[in-house]
Amino acid sequence: MLRTEDESLLNEARRIISLRQRQDWHHVGCAIRTRSGKVFSAVHLEAYIGRAAVCAEAVAIGMGAAAGDTDLEVIVAVNRSGDVVAPCGICRELISDYSPQAEVLVPSTAGPVRTPISDLATKQVQAQ
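To keep things clear, this report deals only with the structure shown in the data block.

Each value, and the rule that gives it
Residues numbered from 1 in each chain as written. Predicted model: local features only at pLDDT ≥ 70, side-chain atom pairs only at ≥ 80, totals over all residues. Heavy atoms only, no water. Helix = DSSP H or I, 4+ residues; strand = E, 2+ residues; numbered from the N terminus. Rg over C-alpha atoms; globule rule 2.2 N^0.38 Å. Buried < 20%, exposed > 50% of the residue type's maximum accessible area, 1.4 Å probe, protein only. Areas by Shrake-Rupley, 256 points an atom, 1.4 Å probe, with all protein chains shown as cover. Lys, Arg positive; Asp, Glu negative; His and termini not counted. Charge placed at Lys NZ, Arg CZ, Asp CG, Glu CD. Arc of directions from axis to C-beta. Contact = heavy atoms within 4.5 Å. Pairing = 2+ DSSP bridges. Salt bridge = Lys/Arg side-chain N within 4 Å of Asp/Glu carboxyl O.

Our focus in this paragraph is the overall build of the protein chain. For the protein chain, the count of helices and strands is four helices and eight strands. Along the protein chain, helices (α) and strands (β) appear in the sequence α-β-β-β-β-α-β-β-α-β-β-α when read from the amino end. Taking 2.2 N^0.38 as the reference for a compact globule, 128 residues should give roughly 14 Å; the C-alpha atoms of the protein chain span a radius of gyration of 14 Å, in line with that estimate. When each of the 128 residues of the protein chain is scored for burial, the buried share is 38%. Summed over all atoms, the accessible surface of the protein chain reaches about 7,000 Å², with 51% contributed by carbon and sulfur. Across the protein chain, the centroid of the 13 positively charged side chains sits 4 Å from that of the 15 negatively charged ones.

Okay, helix H2 (residues 56-66) next. Burial in H2 covers these residues: Ala56, Glu57, Ala60, Ile61 and Gly64. Down the axis of H2, the buried side of the element spans an arc of 135°, and every buried residue falls inside it. Its buried side turned inward, H2 meets strand E1 (28-34), strand E2 (39-43), strand E4 (53-54), strand E5 (72-79) and helix H3 (89-98). Remark: Gly68 follows H2 within two positions and exhibits a positive phi of approximately 80°.

Turning our attention to the pairing of E5. With seven of eight residues buried, E5 lies mostly within the body of the structure. Two elements, E5 and strand E7 (residues 103-106), share two bridges in a ladder whose sense is parallel. Bridge assignment links Val74 to a residue of E7, and that residue is Glu103. Direction of pairing for E5 relative to strand E6 (residues 84-85): antiparallel, over a ladder of two bridges. Directly across from Val78, in E6, lies its bridge partner Val84. Here E5 folds back onto E6, and the loop between the two strands holds four residues, one of which, Gly82, carries a positive phi near 90°.

Using the criterion set out here, one finds seven salt bridges in the structure. Note that Arg33 and Asp6 form a salt bridge whose closest N and O atoms lie 3.0 Å from each other. Of this pair, Arg33 sits in strand E1 while Asp6 sits in helix H1 (residues 4-20), and the two are 27 residues apart along the sequence. You'll find Arg33 and Asp6 in the same group, each marked buried. Here the salt bridges share partners, and the residues they tie into one network are Asp6, Arg33, Glu73, Glu103 and Arg114.

Time to look at the environment of Ile95. Of note, Ile95 is situated in helix H3. A residue is classified by how much of its surface remains accessible, and Ile95, at 0% relative accessible area, is buried. Separated by 30 residues in sequence, Ile95 and Ala65 place their C-alpha atoms 12 Å apart. Sequence-distant contacts of Ile95, that is, excluding residues within four places in its chain, are made with Ile61, Leu72, Ile75, Pro87, Pro100, Ala102, Val104 and Ile117.

With four bridges connecting them, E7 and strand E8 (residues 113-116) associate as antiparallel partners. Residue pairing for E8: Glu103 is matched across the bridge by Pro116.

Below, the structure is given as structure tokens:
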């Protein structure tokens, strides 16, 4: 069961991808909440020819960094349909580096659940 503030964060991620999605350019939306309570939302960036891409999580963390606020509390990413998606390995590392105590909303059979980034980072290493 998600907390009310986590539902709000999920809705923000869904809002930003719904508002900004663009075929072949933006297909993932992300929202982060820092421990100060600030929320940053962003979309995935992709070059049309497909040679360059920056995940929505990285863009949102960068927005927080530009504002001087990278102490992440919770982060969530969604696809164009609004379904929660787990962060890729690079994003797991980035989230963990910036805020090892952060938690991530990830998909489960019962719906989105909150899990520590340290659990995801460990699972990524074990998968290799």
